[in-house]
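# Breakdown of the fold
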Amino acid sequence: MDHVPANPTSDLQALNQILKTLNETPGIHAGLSSALEQTVQLLDLETGWIFVHKALYSHRRQREGFELAAYYNLLPEMNPQLVEVWNKSCSCQDCFNKDKFNAAYNEINCSRLSKFMPDTHSGIHACIPLKAGETTLGIMNLTSTSWRALSEEKLALLENIGHQIGIFLDRARLYNLLKTQHISEQKALLDVSRQLLSRSDPVELAEYIVQEVRDLIQCDACALLLPGVEGQLEFRAASGWHHNPVADSRRIPNDRRTGPGLAMLSQEPLVIEDLQKTSTAAWSEPWIEREKLRGHAIVPLI
């Protein structure tokens, strides 16, 4: 490999340009395509493509497989529309799945290149894992007609580029998760609103609320308490309790000694992470301790 004198200023400018592209280009595919094209051109390479793991687009992290997310200057024989070329695993994907990317860049014998580019390094390409922290989210593959074009300085620059693209993918992953969660939450709120408007029986309505909230929040137990007589809060509906506090006509003090009482007085939500390690609203009774609840959140109905 020929040694090319390092040019830190030029490398920094190239990295800044790619960062600007990633930050300003809307959409995952558009950002990756622009960054890949700039990388290939800036490093005077020939072609390149990027795989991202399909779990990037899903809240289910166990989702398997890869998607061709970006490509530049591919051979006609490697047309992205050819299912027989791209819809199968390859060496770099196997390394990803087996967690064998132990370096910032790797030389990989590529099954696709060896078939369509037999005269180019015997089908070898540079493979850069796109990582955010310890999580690998994708793979960038780059080729050149002269392997000497990938000098140590260029490979070091590729390491930085791969890291920045990995951060970009991680941001996109988090955005997708939040977007999916937001849509799900909005739908759930709409469904709850419709149900509340359609139910006129207070008992039925209270039972619906505690069950629906328990399902939506995925908590172990839920209860609805309303002010009663003698400064007490009365259980009007409950779900998930071992001993039904409604059937047992349970009451708790409506004052600062209890979490619900404190939330009623402050008119603010209250979260207690561990009931056994707090001095806030630490009032308890044996019938509550039998439920083995460790933490709870209380929301006043204003």
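Now for a look at the structure at hand. (Residues numbered from 1 in each chain as written. Predicted model: local features only at pLDDT ≥ 70, side-chain atom pairs only at ≥ 80, totals over all residues. Heavy atoms only, no water.)

### Things to note about the overall build of the chain
Tallying secondary structure elements over the chain gives nine helices and 10 strands in all. Counting only contacts in the chain whose residues sit at least 6 apart along the sequence, the fraction spanning at least 24 positions is 51%. (Helix = DSSP H or I, 4+ residues; strand = E, 2+ residues; numbered from the N terminus. Contact = heavy atoms within 4.5 Å.)

### Comments concerning the nonpolar core
Counting residues in each nonpolar core, the largest one holds 32 residues, and the members touching the most others are Leu32, Ile50, Met140, Leu142, Leu158, Ile165 and Leu169. Within the residue set of this core, elements represented by two or more residues are α1 (8-24), α2 (28-42), β1 (47-53), β2 (66-72), β4 (124-132), β5 (135-143) and α6 (152-198). If sequence neighbours within four positions are ignored, Ile50 has contacts with Leu32, Leu36, Glu67, Leu68, Ala69, Ala70, Leu130, Ile139 and Met140. One finds Val85, Cys95, Ile108 and Cys110 within the second-largest nonpolar core, a separate group that totals 17 residues. (Core = buried A, V, L, I, M, F, W, Y, C linked by side-chain atoms within 4.5 Å. Buried < 20%, exposed > 50% of the residue type's maximum accessible area, 1.4 Å probe, protein only.)

### Describing helix α8 (residues 259-266)
Restricting attention to buried positions, one finds in α8 the residues Gly259, Pro260, Gly261, Leu262 and Ala263. Elements in contact with the buried residues of α8: β7 (232-239), β8 (251-253), β9 (270-272) and β10 (296-298). The residue sitting at the N-terminus of α8 and contributing the capping side-chain oxygen is Thr258; that oxygen lies 3.0 Å from the backbone nitrogen of Gly261. Note on α8: the residue one or two positions beyond its end, Gln267, has a positive phi of about 60°. (Polar contact = N/O pair within 3.5 Å; in protein donor to acceptor, adjacent residues only side chain to side chain.)

### Considering the packing of α2 against α6
One way to put it is that α2 packs onto α6 with a least axis distance of 11 Å and a crossing angle of 175°. On the basis of the axis angle, α2 is roughly antiparallel to α6. Judged by residue contacts, Ile28, Gly31, Leu32, Ala35 and Thr39 of α2 engage Leu158, Ile161, Ile165, Phe168, Leu169, Ala172 and Asn176 from α6. Within the contact of α2 with α6, the residues separate by chemical class into nine nonpolar, three polar and no charged. (Axes fitted to C-alpha atoms, helices over the stretch in contact; angles between N-to-C directions. Parallel < 35°, antiparallel > 145°, perpendicular 65-115°, else oblique. Nonpolar A, V, L, I, M, F, W, Y, C, P; charged D, E, K, R; others polar.)

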